[in-house]
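Residues per chain, in single letters:
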Amino acid sequence: MSHRAQDGVEEEFGQFAGTSRYIVDEDLQADVNAAIALGRPLLVRGEPGTGKTQLAHAVAEGLGLPMFAWHVKSTTKAMEGLYHYDVVQRLNDSRFSAIDGVDVRDIRQYIKLGVLGRAFRSEGRVVLLIDEIDKADVEFPNDLLRELDEMAFTIPELDETVRARHRPVTIITSNAEKELPDAFLRRCVFHYIRFPDPARIKQIVNAHLPGLEGALIDAAVVRFYGIRRVAGLRKKPSTSELLDWLMVLARAGVRPAEIARKTPFLSVLVKQEKDLELLAGKVIADA
Amino acid sequence: MFDLLLLNLRRNGVMVGMGEWLALLDAIGKGLAGTLPELYRLGRAILVHKESQFDAWDQAFQATFAGVELPEPLSAAMQQWLQQSIGPQRPRREIDMSDEELRREFLKRLAEQKERHDGGSRWIGTGGDSPFGRDGSASKGVQAGGGGSRSAVQVAMDREWESYRTDRQLDHRDMMVALRALRNLRREGEQELDLDGTIDKTAQNCGDVDLAFQPARVNRVHLRLLLDTGGSMSPHAQLVTQLFTAASALKGFKSFESWHFHNVPYGHLTEDYRSGKRTPIEDLLRAWPAGTRVVFVGDASMATYELFQPFGYYGGAGAQLSGLEWLQRMRRQLPHSVWLNPDPERWWDHPTVRAIGATFPMFPLTLDGLRAAVQRLRAAS
């Protein structure tokens, strides 16, 4: 397929096909490429441990682009991603006079761009990750609507607009729990990462822990899905816990047959006390 | 056929906006969906934003494309459509339209189509140089139906997303936004730098830095949610649960608790209505700080004796007061309280509802009602 953008520049899409460490399924690959082609953010949701954040790293690696990651916390404000005017530093410098090379009269010395700002300013195309957007205040996504639409924002202190030269490949992750505002959702291409099936999870294990004994992986994966199927678990073990568990099993030299009889190092897989109690009282049916 | 998809989606509750629809057209124009399975995937990614609506998408997709004779699912149909709209020998036209222009164009075409809609399978492009079929790359699309891949309609018919459905009428996010207005931020937290004050004082100090501090803002509001969990409330259980989730997910209240009662609180409240562990109301009223905001949620309708007679239906030892007297007592000690009623207002003409409505300011449990209730609670501060 050949595609031309409006200005004749070859658009970069239909390119992302996963990386050696990140196994991507066809659906996800198509959605990533659709988001890139449309210049819209890709909103990725799914239960924890399905590799939402990893996806952004993989896209950056796969396309060979630098990545800017903004990890959102409960206290994060939209403004922080754009820029910060360090008045306190300026006040301090003005009082205790210029430290070599710093011109207090130049306001630019005290305007520091945030992650979004730096991503927009960069010369080439970049991958922008806004991680766990649902962690912040309910209004947070709305505060970023215009910035993500236009990939630009204004710094009133400088009377200047920071505008992205190339629309960043934007990937936004969210845990499935909370609702995001409609206006925000409408602007995104949406992908829901489902929990991988056993065949795919074996691929993932092989990509991360090459050289593990096949029989051990098989036995562990069977047990892993058996545990995930137990009703009433507060926190189902996820991919990252499976990888940790396999690593521990391999280090400890556990034999595949032992996994089938009992579950050694169960606490690596299941971390909540209530869940451990629940499992202790149950015979886990093999998947 | 394609506009039917839009209709089917809206009929299934997926409110597709014009922006998304145009984005889909744009993506199709870019050749991202040459086959029906690709359209299935692409359409879902662009038009649907919640996994809870994936099932609705499946159904709409199936309703639209099932039984439609498309031997080579999409490419042929699209090719035909593109041929019709662009014409084979016309020069291709690059589209430099803004969203706004595209939108106008789209509406124009849609209107045209309405005029000569005769059940045909043509989409929106009837003019010569449709901007919605640019590049005609769909004609080069991957041959569909080949290999062992299953058709998109088959996938849609599996309805594997059914369990992800929620069908919530009232978004709990809306409730959170409404409840957030309850926050009452006061400066009484830890000391933090007061930037404006520092600049002022520094200026007054001839440029010598003079730091000013002020307490950080903290939310002082204590919130209590008292829920009627009786039988007549079960139709509203989902709504009430949502309100509860919204209130408890909202960070920043100084304290938040929820309590349960049946019909009206007869002398006690229960923490968890299943466990049935009772706490006397007097203890709670003493424990809750002055100015606590209290939201009652209940349908307020019951048999009259349950409200007006002492030893009400659930009266036991020590229950000397009628339900109404308990409520009046609570109201006196909790001036910042409101009652949310999930029943529609036209049902409120009932003796017990009237009596409770005379005791507490009563609001319907709708978004507007919730906002009004929050206003009322704020005004009382």
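What you see as residue numbers is a count from 1 along each chain, following the sequence as written. Written order determines the labels here, with chains lettered from A and ligands numbered from 1. In keeping with the model being predicted, local features are shown solely for residues with a pLDDT of at least 70 and side-chain atom pairs are shown and tallied solely at 80 or more, while totals for entire chains, interfaces and linings include all residues. Computation of side-chain values: all heavy atoms of the structure, hydrogens and water removed.

(A) The overall build of chain A, seen in detail. Counting its secondary structure elements, chain A contains 14 helices and nine strands. Only protein chains enter the accessibility calculation, which uses a 1.4 Å probe; a residue whose area is less than 20% of its type maximum is buried, one above 50% is exposed, and one in between is partly exposed. Out of the 287 residues belonging to chain A, those deemed buried represent 50%. Taking all contacts inside chain A whose residues are at least 6 apart in sequence as the whole, residues at least 24 apart take part in 72%. All accessibility values rest on the Shrake-Rupley procedure with a 1.4 Å probe; residue burial counts only the protein chains present in the view. When the accessible surface of chain A is totalled, it reaches about 13,800 Å², and 49% of it is carbon and sulfur. Numbering of helices and strands runs from the N terminus; a helix is a DSSP stretch of H or I covering at least four residues, while a strand is a stretch of E covering at least two. Contacts: residue pairs with any heavy atoms within 4.5 Å of one another.

(B) Inspection of the overall build of chain B at higher detail. Helices and strands together make up the secondary structure of chain B, namely 15 helices and nine strands. Sorting the 381 residues of chain B into buried and exposed places 49% on the buried side. Considering only contacts in chain B between residues 6 or more positions apart, those separated by 24 or more positions represent 72%. Summing over all exposed atoms, chain B offers an accessible surface of approximately 18,400 Å²; the carbon and sulfur share of this is 49%.

(C) Highlighting the packing of helix 1 (residues 2–11) of chain B against helix 4 (residues 54–65) of chain B. All names here are of chain B. As a packed pair, helix 1 and helix 4 sit with axes 9 Å apart at the nearest point and diverge in direction by 145°. Considering the relative orientation of helix 1 and helix 4, their crossing is right-handed. Contact with helix 1, carried on its side by Phe2, Leu4, Leu5, Asn8 and Leu9, involves Trp57, Ala60, Phe61, Ala63, Thr64 and Phe65 of helix 4 and no other residues of that element. When residue character is reported, Ala, Val, Leu, Ile, Met, Phe, Trp, Tyr, Cys and Pro are called nonpolar, Asp, Glu, Lys and Arg charged, and the others, Gly included, polar. When its residues are assigned to classes, the contact of helix 1 with helix 4 shows nine nonpolar, two polar and no charged. Axis definition: a line fitted to C-alpha atoms, over the contacting stretch in the case of helices. Angles run 0 to 180 degrees between N-to-C directions. It is the rotation of the near helix from the far one that decides the hand of a crossing: anticlockwise by less than a right angle makes it left-handed, clockwise makes it right-handed.

(D) Local environment of helix 9 (residues 195–204) of chain B. All names here are of chain B. Looking at helix 9, one finds that the buried residues are Gly197, Thr198 and Thr202. The buried residues of helix 9 occupy an angular sector of 130° when projected down its axis, which confines them to one face. Of the residues in helix 9, the exposed ones pointing more than 90 degrees away from the buried face are Asp196, Ala203 and Gln204. Between N or O atoms, a polar contact is any pair within 3.5 Å; within protein, one atom must be a potential hydrogen donor and the other a potential acceptor, and residues adjacent in sequence are included only when both atoms are from side chains. For helix 9, the side-chain oxygen to backbone nitrogen distance between the N-cap and Asp196 is 3.4 Å, and the N-cap itself is Asp194. Directly after helix 9, the chain includes Cys206, whose backbone phi takes a positive value near 55°. Picture the helix axis, draw a direction to every C-beta atom, and the arc is the one those directions span.

(E) Examining the environment of Arg331 of chain B more closely. Residues and elements named next belong to chain B. Looking at the element boundaries, Arg331 is found in helix 13 (residues 323–333). Overall, Arg331 belongs to the partly exposed group, its relative accessible area being 21%. Counting along the chain gives 29 residues from Arg331 to Phe360, while the straight-line C-alpha distance between them is 7.0 Å. If sequence neighbours within four positions are ignored, Arg331 has contacts with Ser337, Thr359, Phe360 and Pro361.

(F) Quick look at the environment of Arg224 of chain B. Residue and element names in this part refer to chain B. You can see Arg224 is positioned in strand 3 (residues 222–228). Remark: the alpha-carbon pair of Arg224 and Val294, spanning 70 residues in sequence, is separated by 4.8 Å. Here Arg224 is in contact with Ser255, Phe256, Glu257, Trp288, Pro289, Thr292, Arg293, Val294 and Val295, once residues within four sequence places are set aside. At a separation of 3.4 Å, a polar atom in the side chain of Arg224 contacts the side chain of Glu257.

(G) Examining the confidence of the model for chain A more closely. With 89% of its residues at a pLDDT of 70 or more, chain A has an overall mean of 82. The predictor attaches a confidence to each residue, called pLDDT, with possible values from 0 through 100. Counted against residues more than four places away or in other chains, residues 1–13 of chain A, with its pLDDT under 50, gives 23 contacts.

(H) Quick peek at the sheet that holds strand 1 (residues 42–46) of chain A. All names here are of chain A. Strand pairing requires that DSSP identify at least two bridges connecting the strands. Pairing is parallel in the open sheet, where five strands are placed in the order 2-5-8-1-9. Sheet topology places strand 2 (67–71) and strand 9 (189–193) at the edges, where each strand pairs with a single neighbour. Going from strand to strand, the sheet's axes swing by 20° on average, the running direction of each strand aside. Sheet topology note: the strand 1/strand 8 (residues 169–174) ladder contains four bridges and is parallel. Bridging from a neighbouring strand, Val44 pairs with Thr173 of strand 8. Along the sheet face, helix 1 (residues 26–38) touches strand 1, strand 8 and strand 9 and points at about 160° away from the line of strand 9.

(I) A look at the nonpolar core. Leu55, Val59 and Ile130 of chain A together with Leu42, Ile46 and Leu47 of chain B are the most contacted members of the largest nonpolar core, which totals 88 residues. Setting aside residues up to four positions removed in sequence, Ile130 of chain A forms contacts with Trp70, Val72, Leu116, Leu148, Ile171, Ile172 and Thr173 of chain A. In this description, a nonpolar core means a group of buried Ala, Val, Leu, Ile, Met, Phe, Trp, Tyr and Cys residues linked to one another through side-chain atoms lying within 4.5 Å. In terms of nonpolar packing, the next biggest core, distinct from the first, is built from 28 residues, Leu179, Leu243, Leu250 and Phe363 of chain B among them.

(J) Representation of the confidence of the model for chain B within the structure. All names here are of chain B. Summary statistics for chain B give a mean pLDDT of 71 and a share of 66% for residues scoring 70 or more. Predicted confidence for residues 85–94 stays below pLDDT 50, and this span has 15 contacts to residues more than four positions away or in other chains. In the predicted structure, residues 114–149 sits below a pLDDT of 50 and forms 77 contacts with residues beyond four places in sequence or in another chain. Interface predicted TM-score (ipTM) for the complex: 0.71; the corresponding pTM is 0.61.

(K) Focus on the packing of helix 2 (residues 18–29) of chain B against helix 3 (residues 36–47) of chain B. Residues and elements named next belong to chain B. Two elements in contact, helix 2 and helix 3, have axes separated by 9 Å at closest approach and are oriented at 145°. Between helix 2 and helix 3 lies a crossing of right-handed hand. Contacts between helix 2 and helix 3 involve Glu20, Trp21, Ala23, Leu24, Ala27 and Ile28 from the former and Leu39, Leu42, Gly43, Ile46 and Leu47 from the latter. Tallied by class, residues from the contact of helix 2 with helix 3 come to nine nonpolar, one polar and one charged.

(L) Expanded view of the pairing of strand 8 of chain A. Most of strand 8 of chain A sits out of view: six of its six residues are buried. Both faces of strand 8 of chain A are covered, namely the face carrying Val169, Ile171 and Thr173 of chain A and the face carrying Thr170, Ile172 and Ser174 of chain A.

(M) Quick peek at the pattern of salt bridges. Residue and element names in this part refer to chain A. Just to be clear on terms, a salt bridge is a Lys or Arg side-chain nitrogen sitting within 4 Å of an Asp or Glu carboxyl oxygen. This model, assessed by the stated rule, comprises 20 salt bridges over all chains. Between Asp149 and Arg187 there is a salt bridge, with its nearest N and O atoms 2.9 Å apart. Highlighted residues: Asp149 in helix 7 (residues 145–150) and Arg187 in the loop between helix 8 (182–185) and strand 9, separated in sequence by 38 residues. Residue classification places Asp149 among the partly exposed positions, given a relative accessible area of 36%. Take Arg187: its relative accessible area is 31%, and that puts it in the partly exposed class.

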